[in-house]
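Given next are the chains, with one letter for each unit.
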Amino acid sequence: MPVYEFTMVLDRDLSDDDYDRLFEAGLDDSSPGSENGHGYIAVTREAPRLLDAIVSAVHDTVRAGLRPVAIEEGDLT
């Protein structure tokens, strides 16, 4: 199955508790961080299609209590 890489930009900076919630919500295939007052999650996800990878990562992020506001390209092929 293909692996897709992309970054989700969040609506706010990440707190220390957010990192644990992201991992528990299924984003153990990601690297969260903060820059310029915004959180981000660099995702490397295996899925049949890019859309499936993005939708599942967004779902996991929302389940963790965070709100993605943009997807930035990493390897959007």
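Up top is the structure.
Note that the structure is predicted; figures quoted are calculated from it, not measured.

A.B. asks: Looking at this model, I keep getting lost on unusual backbone geometry. Mind explaining?
C.D. replies: Leaving glycine out, the prevailing phi sign among residues is negative, and the prevailing peptide bond configuration is trans. The residue Asn-36 is not glycine, and still its phi comes out positive at about 55°. Counting through the fold element by element, Asn-36 comes out in the loop between β2 (30-35) and β3 (38-46). Its relative accessible area of 71% is what places Asn-36 among the exposed residues.

A.B. asks: Would you mind showing me how to read a negative patch on the surface here?
C.D. replies: Taken together, the side chains of Asp-16, Asp-17, Asp-20 and Glu-24 define an acidic patch exposed on the protein surface. Here Glu-24 shows up in helix α1 (residues 16-24).

A.B. asks: Looking at this model, I keep getting lost on the pairing of β3. Mind explaining?
C.D. replies: On β3, burial follows the alternation: Gly-39, Ile-41, Val-43 and Arg-45 on one face are buried, whereas His-38, Tyr-40, Ala-42, Thr-44 and Glu-46 on the facing-out side are not. Sheet analysis places strand β1 (residues 3-10) next to β3, joined by seven bridges and oriented antiparallel. Directly across from Phe-6, in β3, lies its bridge partner Val-43. Across six bridges, β2 lies against β3 in antiparallel orientation. Of the residues in β3, the one forming a bridge with Ser-34 is Gly-39. Count of turn residues in the β2/β3 antiparallel hairpin: two residues, of which Asn-36 carries a positive phi of about 55°.

Conventions and cut-offs
Residues numbered from 1 in each chain as written. Predicted model: local features only at pLDDT ≥ 70, side-chain atom pairs only at ≥ 80, totals over all residues. Heavy atoms only, no water. Helix = DSSP H or I, 4+ residues; strand = E, 2+ residues; numbered from the N terminus. Buried < 20%, exposed > 50% of the residue type's maximum accessible area, 1.4 Å probe, protein only. Patch = residues over 30% accessible without salt bridge, like charges linked within 9 Å, V, L, I, M, F, W, Y side chains within 5 Å. Areas by Shrake-Rupley, 256 points an atom, 1.4 Å probe, with all protein chains shown as cover. Salt bridge = Lys/Arg side-chain N within 4 Å of Asp/Glu carboxyl O. Lys, Arg positive; Asp, Glu negative; His and termini not counted. Charge placed at Lys NZ, Arg CZ, Asp CG, Glu CD. Pairing = 2+ DSSP bridges.

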